[in-house]
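Coordinate analysis (summary)
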Amino acid sequence: MKNRLKDRHSIKLSMMFVWIMAVFITMFGGIEFLYLKNRVLRISDELKIQEEELADMKRKNSRLEAMLAKGSSPQELENRLKEWKIGLVKMSELEVIMMEESAPIDFFAGNE
């Protein structure tokens, strides 16, 4: 005769192992989800900071380009020449002399 109470309330070890593994897999999945979510938030914060730095650099770059364009304009250059009284004058195209280049002299070959 079998003990019916023992069979009725017994827990199979394999079924308990399956449930324990399911709980561990679910816990690991949850922890992994939180880790990846925090990583995405951290990276998005870094991206936001870098985008703000890029926008700031673009503003500075456009400001510097405007200053460069203003500073290298012919009118500004003439004003500086008058202000500094260096004695330089603007050249016209007629005053430019074109010179032909001669063949390079190879000193070590003896072609002087």
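Quantities reported herein were computed from a predicted structural model and do not represent experimental measurements. (Residues numbered from 1 in each chain as written. Predicted model: local features only at pLDDT ≥ 70, side-chain atom pairs only at ≥ 80, totals over all residues. Heavy atoms only, no water.)

**With respect to the overall build of the chain**
Helix and strand counts for the chain stand at three helices and zero strands. Overall, the chain shows an N-to-C arrangement of helices and strands of α-α-α. Counting the 112 residues in the chain, one finds 1% classified as buried. Carbon and sulfur atoms make up 64% of the accessible area of the chain, which amounts to about 11,900 Å² in all. (Helix = DSSP H or I, 4+ residues; strand = E, 2+ residues; numbered from the N terminus. Buried < 20%, exposed > 50% of the residue type's maximum accessible area, 1.4 Å probe, protein only. Areas by Shrake-Rupley, 256 points an atom, 1.4 Å probe, with all protein chains shown as cover.)

**What to know about the UniProt feature "coiled-coil region" (unreviewed entry) in the chain**
Listed under "coiled-coil region" (unreviewed entry) in the UniProt record, and renumbered for this structure, are residues 40-67. Secondary structure content for residues 40-67 is 100% helix and 0% strand, while the C-alpha to C-alpha distance between its ends is 40 Å. (UniProt positions renumbered as here; feature names shortened; annotations may be inferred.)

**Some details on the UniProt feature "transmembrane region" (unreviewed entry) in the chain**
Here the UniProt-annotated "transmembrane region" (unreviewed entry) positions come out as residues 16-36. Secondary structure within residues 16-36 divides into 100% helix and 0% strand; the distance between the first and last C-alpha atoms comes to 30 Å.

**Section: the pattern of salt bridges**
As enumerated under the stated definition, the model contains three salt bridges in all. With a shortest N-O distance of 3.5 Å, Arg 59 and Asp 56 are connected by a salt bridge. One end of the pair is Arg 59 and the other is Asp 56, both in helix H2 (residues 13-71) and three residues apart, which spans about a single turn. When its relative accessible area of 47% is taken as the criterion, Arg 59 is described as partly exposed. (Salt bridge = Lys/Arg side-chain N within 4 Å of Asp/Glu carboxyl O.)

**A few points about a nonpolar patch on the surface**
Nonpolar side chains collect at one region of the surface, where Leu 13, Met 16, Phe 17, Ile 20, Met 21, Val 23, Phe 24, Ile 25 and Met 27 lie side by side and expose about 910 Å² of accessible area between them. As for its placement among the helices and strands, Phe 24 is situated in helix H2. (Patch = residues over 30% accessible without salt bridge, like charges linked within 9 Å, V, L, I, M, F, W, Y side chains within 5 Å.)

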